[in-house]
Amino acid sequence: MGFTLGLTGSIATGKSTVSKMLVSAGIAVIDADIVARKVVEKGTVGLKKIVSCFGTDVLLDGELNRAKLGEIIFHDEAKREQLNEIVHPLVREEMLSERDRLFRAGESIVVLDIPLLYESQLTDLVDRVLVVATTEEIELSRLMARNELSKEEALARIRAQMSINNKVKLADFVVDNNGTKQETEKQVNEFLHELKRHGIIERNDGSE
């Protein structure tokens, strides 16, 4: 079996940017958000379970009406927990199935891109964790600008997750995304070079 790297961060710290850099470098990345949509597509077991729990009101033309479901779970923690109990095991199973398929196809490393890796206690799925971090001040300013939120709205979203400082303390590797995109890319390339040096990524470029 190959090496499984968990990729995470906090909202607006730049995890998606680093994920794209890894993909561009030829690393296989499985995105938990994409998998979460896949397991509740029309005709899936996941969608049937959601309908049996929440009723047909959450359907629109046979597909999941995310806006309607969001209204139901947003203000109701018990309902949100019910949804998580349906979706999380399906996402976990699908991600591991895809990871194993990639390993069988010859990949030496697979990245699991999971936004709530720590919050959902999914570290047992990975060998090591890479956290994409910024200062909390930069995280706040980027989130306000990106989502056009007030300071209060942005802070509420940030506080709904584990703090980025705590994630950094738990991480095996950290990419500092406080600077320019070029500075971040340099760190990602250095990180990949280290993995190659330790034999985690197979060398195919004739390098040492």
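Model, not experiment: these values are computed from the prediction. (Residues numbered from 1 in each chain as written. Predicted model: local features only at pLDDT ≥ 70, side-chain atom pairs only at ≥ 80, totals over all residues. Heavy atoms only, no water.)

Q: How should the overall build of the protein chain be read in this particular structure?
A: A count of helices and strands for the protein chain gives nine helices and seven strands. Against the compact-globule benchmark of 17 Å for 208 residues, the protein chain has a radius of gyration of 19 Å, which places it among compact chains. Over its C-alpha atoms, taken along the principal directions, the protein chain stretches across nearly 60 × 45 × 25 Å. The buried share of the protein chain, reckoned over its 208 residues, is 38%. Contacts in the protein chain between residues far apart in sequence, at least 24 positions, make up 70% of those at least 6 positions apart. Entry remark: accessible area of the protein chain is about 12100 Å², with carbon and sulfur atoms responsible for 48%. In the protein chain, the 28 positive side-chain charges and the 35 negative ones have mean positions that sit 1 Å from each other. (Helix = DSSP H or I, 4+ residues; strand = E, 2+ residues; numbered from the N terminus. Rg over C-alpha atoms; globule rule 2.2 N^0.38 Å. Buried < 20%, exposed > 50% of the residue type's maximum accessible area, 1.4 Å probe, protein only. Contact = heavy atoms within 4.5 Å. Areas by Shrake-Rupley, 256 points an atom, 1.4 Å probe, with all protein chains shown as cover. Lys, Arg positive; Asp, Glu negative; His and termini not counted. Charge placed at Lys NZ, Arg CZ, Asp CG, Glu CD.)

Q: Looking at this structure, I do not really get the pairing of strand 6 (residues 128-133). What am I missing?
A: Note on strand geometry: in a regular strand, side chains alternate between the two faces of the sheet. Burial runs high along strand 6: five of the six residues are buried. Where strand 6 lies against strand 7 (residues 173-176), four bridges are found, and the strand directions are parallel. Paired with Val 132 across the two strands is Val 175, which belongs to strand 7. (Pairing = 2+ DSSP bridges.)

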